[in-house]
Amino acid sequence: MGILRSLRYASASSLRARWHEKTSSFNSEALRHLLDHDNHSERDRFWEGAKGNELMVPEYNISIAEEREMALKRLKYFCDHNFISVFDFKKNPLKVFMAHELASAIDSSMATKMTVQFNLFGGTVLKLGTERHHEILKGIDTLEDVGCFGLTELGYGNNAVEMETTATYAQSSQSLTINTPNPLAQKYWITNGAVHAHHCVVFAQLIVNNVNQGIHAILVPIRDRNLSPMPGVTIEDMGHKMGMNGVDNAKLTFRNVQVPQTNLLNRYSDISPEGEFSSVISNGRKRFLTVADQLLSGRLCIASGSMMGSKVALAIAVKYAATRLAVGATGKSDEPILSYQLQQNAITPLVARTIALNIGLNFAKTNWSQQSQAEDSSKHAEIVTQCCVMKPLVTWNLEEVASVCRERCGGQGYLSCNRFGVAIASAHAGMTAEGDNAVLMQKATKERLTEFAKSPMSPKAPETSSKVTSLSNLIYLLQQREFLLNMQLGQAMQSVFGDKEAMFDTWMYKSSDVIQSAAVAYGERLVGEWALDTLASNTEVENKEVLEQLISLYLIHCLTQNLEFYLLHNLINLEQGSLLKHTHLELVRSLSPHLLQIVDGFGIPNELLYAPIANEWEKFNSADNQGEIKKSPYM
């Protein structure tokens, strides 16, 4: 009875230490190094500087105005301490993504303001502008010049190429006049626009000599230094949202707003002093894709932040589950809920998938960064497709991780201070921003199908006969699913080839499920191959077995989620299907004792998780704290 009582009243840290005793040696630091991937010293510098910094401590029961100012102050901290710079796109692109990861560990609203300020606004000025625009870049780094990105309109989101905002050139004044012709053309969901932005990169149909030259980007002042709107600019606050209210979103309307012609971001297109338009890009659609190219790195920024969100949520849930005692075999509350199969089956596959996606995202970020620095376009289409598929997979993962972890933490998970609500809201924002997930998956399938049609080769089966659960067979099955879905879709499109109306009808009205499934199959296969490449090159003997189990669980989880497909297409038989399900359960059971060490490998210092249930939650509840961690000790 004394042992039971000592367990019941043990501190959370001692209960976690007891859980650690169940496991063999596992090198959490080596896992952290693998998942962090790059800029290790900068990451360490941030974590050390954030410890004990009151600015980083979240507050919940505050006004929207306070939340917005807090997000800006936190972003200023990142700027002042050189954790991000718009010049990183030239010097160290991976540092940009690192900054989004670290920001998201603290405040997803701040991370959203960051991605607009540095990627969408700053990156566009850097890459589409020329020397005459670059004087503003230093102000972007210091936040003296806060900007926003005016692409989306009320009536035009994923179909932004049809936007209605106009920028009309006048030769007499050598100026551009920006106009919003109707309510559907107002710029919508403009982050930083409601309160903080001085400038906006406005995307508009460029009219020169009565000819529409397609969409171009123009740098437009929207506020003066006193933050008063400029003449002709109407700024409307979009108000309270379902989450992330530290982001100041606006609707922008322009009425005869005149700016110098030199405000046209002119790296690819320009207007001569004589009023002649010229462009190195041949047609309007290609110009749009070029000027909107910063959305590509934006998808990786969002994925980076969402990846950190998943790791934070899993770390909190696992740390709590190792200390929350419930009924055990004795009939007393002496068993951590993390030992229950219910808890393990819910959380462990999500840990495995998050690690696999983390590895995949690292590959995608590296590929984009190398191409960006080399200015090599030979693999651009391939990298576009990788970015288009990774953002949906990672943000959908965050939504499921946050929802499942919230539920598995019971009532504690419903408290704002334990952070799952913020993660759920962040996931939904990420699923829509920089391209709706399902639309991006449609684009990924279109690009993949184009490549597939050139050489529709069936995947090669493993050379040696082995169990269906071997790594080589698991990846082969993922390859086969992708192949068969592309064959099905390709045959459907081929049957109507040449008939434009019938092709649209087949693609948009008859094949949606296959299109989405093909994109998911591509993404899961790609992540699986990258994970296996990483496993093959991993030299940490201590972690080799656990890492292999994690990757196996990810692959088998992908298969069991679509088991009927493999059975219906005779890729496996019933016995093999049963073996996959059984192996899934066995891997969960084998990995679960390591969960605490694995989430420690996510590299987030315990005190910076800022969730009472991840720390000393009984201590936190020993006083009236109103649900605010600033009002009660929890470490």
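The structure we're discussing is the one just above.
Cut-offs used in this document
- Per chain, residue numbering runs from 1 following the sequence as it is written.
- The predicted origin of the model limits local features to residues at a pLDDT of at least 70 and limits the giving and counting of side-chain atom pairs to 80 or more, whereas totals for whole chains, interfaces and linings rest on all residues.
- Note that the side-chain values use all heavy atoms of the structure and ignore hydrogens as well as water.
- Helix and strand labels come from DSSP, where a helix needs a run of H or I of at least four residues and a strand needs a run of E of at least two; each type is numbered from the N terminus.
- C-alpha atoms define the radius of gyration, and 2.2 Å times the number of residues to the power 0.38 defines the globule rule.
- Classification of residues uses two cut-offs on accessible area relative to the type maximum, computed with a 1.4 Å probe and protein chains only: under 20% is buried, over 50% is exposed, and between them is partly exposed.
- Throughout, the Shrake-Rupley method with a 1.4 Å probe supplies accessible areas, and for residues the shown protein chains are the sole cover considered.
- For the charge count, each Lys or Arg is scored as positive and each Asp or Glu as negative, with His and the chain ends excluded.
- By convention, the charge on Lys lies at NZ, on Arg at CZ, on Asp at CG and on Glu at CD.
- Whenever Lys or Arg places a side-chain nitrogen within 4 Å of a carboxyl oxygen from Asp or Glu, that contact is recorded as a salt bridge.
- Contacts were defined at the residue level, with two residues in contact if any of their heavy atoms lie within 4.5 Å.
- Note on ring pairs: Phe, Tyr and Trp rings are taken, using the six-membered ring of Trp, and paired if centres are within 6.5 Å. Classes follow the plane angle, with under 30 degrees stacked, over 60 edge-to-face and the rest tilted.
- As used here, the arc belongs to the directions running from the helix axis to the C-beta atoms.
- In this description, the term disulfide denotes a pair of cysteine sulfurs within 2.5 Å.
- To obtain each axis, a line is fitted to C-alpha atoms, and for helices this fit is confined to the stretch in contact; angles are then taken between N-to-C directions over 0 to 180 degrees.
- With respect to orientation, any angle under 35 degrees is reported as roughly parallel, any angle over 145 as roughly antiparallel, any angle of 65 to 115 as roughly perpendicular, and every other angle as oblique.
- Under the scheme applied here, ten amino acids are nonpolar (Ala, Val, Leu, Ile, Met, Phe, Trp, Tyr, Cys and Pro), four are charged (Asp, Glu, Lys and Arg), and all others, including Gly, are polar.
- If DSSP finds at least two bridges between two strands, the strands pair.
- Two helices cross in a left-handed way if the nearer one is turned anticlockwise from the farther one by less than a right angle. They cross in a right-handed way if the turn is clockwise.
- By definition here, a helix of n residues has an expected span of 1.5 Å times n minus one.

Caption draft 1: Region of the structure containing the overall build of the protein chain. A count of helices and strands for the protein chain gives 23 helices and 13 strands. In terms of C-alpha radius of gyration, the protein chain reaches 26 Å, essentially the compact-globule figure of 26 Å for 635 residues. Each of the 635 residues in the protein chain was classed as buried or not, and the buried ones make up 57%. Per element, the accessible surface of the protein chain, about 26300 Å² overall, is 52% carbon and sulfur. Positive and negative side-chain charges of the protein chain, numbering 58 and 66 respectively, have mean locations separated by a distance of 2 Å.

Caption draft 2: Highlighting the pattern of salt bridges. Summed over all chains, the structure comprises 29 salt bridges. Residues E42 and R45 are paired through a salt bridge, measuring 2.9 Å at the closest nitrogen-oxygen approach. Here E42 and its partner R45 are both found in helix α4 (residues 40–50), 3 residues apart, which amounts to about one turn of the helix. Of the residues examined, E42 reaches a relative accessible area of 16% and is grouped as buried. Using a relative accessible area of 33% as the deciding quantity, one classes R45 as partly exposed. Here E529 and R525 are joined by a salt bridge, their closest N and O atoms 2.9 Å apart. Of this pair, E529 and R525 both sit in helix α18 (residues 512–537), 4 residues apart, roughly one helical turn. On the accessibility criterion, E529 (24% relative accessible area) is partly exposed. For R525, a relative accessible area of 10% translates into the label buried. Among the charged side chains, a network of salt bridges with common partners joins E29, R32, D36, D38, R43, D44, E101 and K365.

Caption draft 3: Up close: the side chain of Q480. By the secondary structure assignment, Q480 is in helix α16 (residues 471–494). A residue is classified by how much of its surface remains accessible, and Q480, at 9% relative accessible area, is buried. With sequence-adjacent residues up to four places away left out, Q480 is seen in contact with S458, P459 and L571.

Caption draft 4: Representation of the packing of aromatic side chains. For the structure shown, the criterion picks out 15 aromatic pairs. With a centroid separation of 5.4 Å and 70 degrees between ring planes, the pair formed by Y320 and W617 is classed as edge-to-face. One end of the pair, Y320, is in helix α11 (residues 294–321); the other, W617, is in helix α23 (residues 617–620), and 297 residues separate them in sequence. One exposure class covers both Y320 and W617, and it is buried. Seen in terms of ring centroids, F363 and W530 are 5.2 Å apart; in terms of plane orientation they differ by 5 degrees. Their pairing is stacked. Linking F363 in helix α12 (residues 341–374) with W530 in helix α18, this pair joins segments that are 167 residues apart in sequence.

Caption draft 5: Broad picture of helix α10 (residues 284–291). For α10, the complete set of buried residues consists of R287, F288 and V291. One side of α10 holds all its buried residues, which, seen down the axis, span an arc of 100 degrees. The inward-facing, buried residues of α10 abut α8 (108–128), β5 (199–208), β6 (211–221), β10 (269–271) and β11 (277–279).

Caption draft 6: Highlighting the state of the cysteines. Evaluated as defined, the whole model comprises 0 disulfides. The closest cysteine sulfur to the non-disulfide-bonded C387 is located on C388, 7.0 Å from its own sulfur. On the basis of relative accessible area, C387 is assigned to the buried category, the value being 1%. Among the cysteines around C405, which has no disulfide bond, C409 carries the closest sulfur, lying 6.3 Å off.

Caption draft 7: Geometry of the packing of α12 against helix α19 (residues 541–560). Running from N to C, α12 and α19 cross one another at 100 degrees; their axes reach a closest spacing of 8 Å. In terms of orientation, α12 lies roughly perpendicular with respect to α19. In contact with T348, P349, V351, A352, R353, I355 and A356 of α12, α19 contributes L550, L553, Y554 and H557. A class-by-class count of the residues in the contact of α12 with α19 yields 8 nonpolar, 2 polar and 1 charged.

Caption draft 8: Molecular detail of the sheet that holds strand β7 (residues 233–237). Taken in spatial order, the 3 strands of this open sheet run β4-β8-β7, and their pairing is antiparallel. The open sheet is flanked by β4 (187–191) and β7, the only strands paired with a single partner. For this sheet, the mean angle separating the axes of adjacent strands, direction not counted, is 35 degrees. As defined by bridge partners, β7 adjoins strand β8 (residues 249–254) across 5 bridges and the pair is classed as antiparallel. Residue pairing in the sheet places E236 in a bridge with K251 of β8.

Caption draft 9: Seen up close, the packing of α4 against helix α7 (residues 93–106). Packing of α4 against α7 brings their axes to within 11 Å, and their N-to-C directions diverge by 25 degrees. For the element pair α4 / α7, the angle class is roughly parallel. Every pair of crossing elements has a handedness; the one defined by α4 and α7 is right-handed. Together, E42, R43, F46 and W47 of α4 and K95, M98, E101, L102, A105 and I106 of α7 make up the contact between the two elements. Class assignment of the residues belonging to the contact of α4 with α7 gives a composition of 6 nonpolar, no polar and 4 charged.

Caption draft 10: Region of interest: the environment of S472. Inspection of the secondary structure puts S472 in helix α16. For the pair formed by S472 and P462, sequence separation is 10 residues and the distance between their alpha carbons is 6.2 Å. Residue contacts for S472: discarding those within four places in its chain leaves P462 and S466.

Caption draft 11: Up close: the pairing of strand β3 (residues 175–179). Counting buried residues along β3, 5 of its 5 residues qualify, which places the element largely inside the surrounding structure. In this sheet, β3 lies alongside strand β2 (residues 166–170) in antiparallel orientation, the contact comprising 5 bridges. The partner of A170 across the bridge, within β3, is S175. With 4 bridges connecting them, β3 and strand β9 (residues 257–260) associate as antiparallel partners. Following the sheet pairing, L176 is matched in β9 by V259.

Caption draft 12: Structural view of α19. Given a rise of 1.5 Å per residue, 20 residues ought to cover 28 Å, and the 29 Å separating the end C-alpha atoms of α19 matches this to within 8%. Most of α19 sits inside the fold, with 15 of its 20 residues counted as buried.

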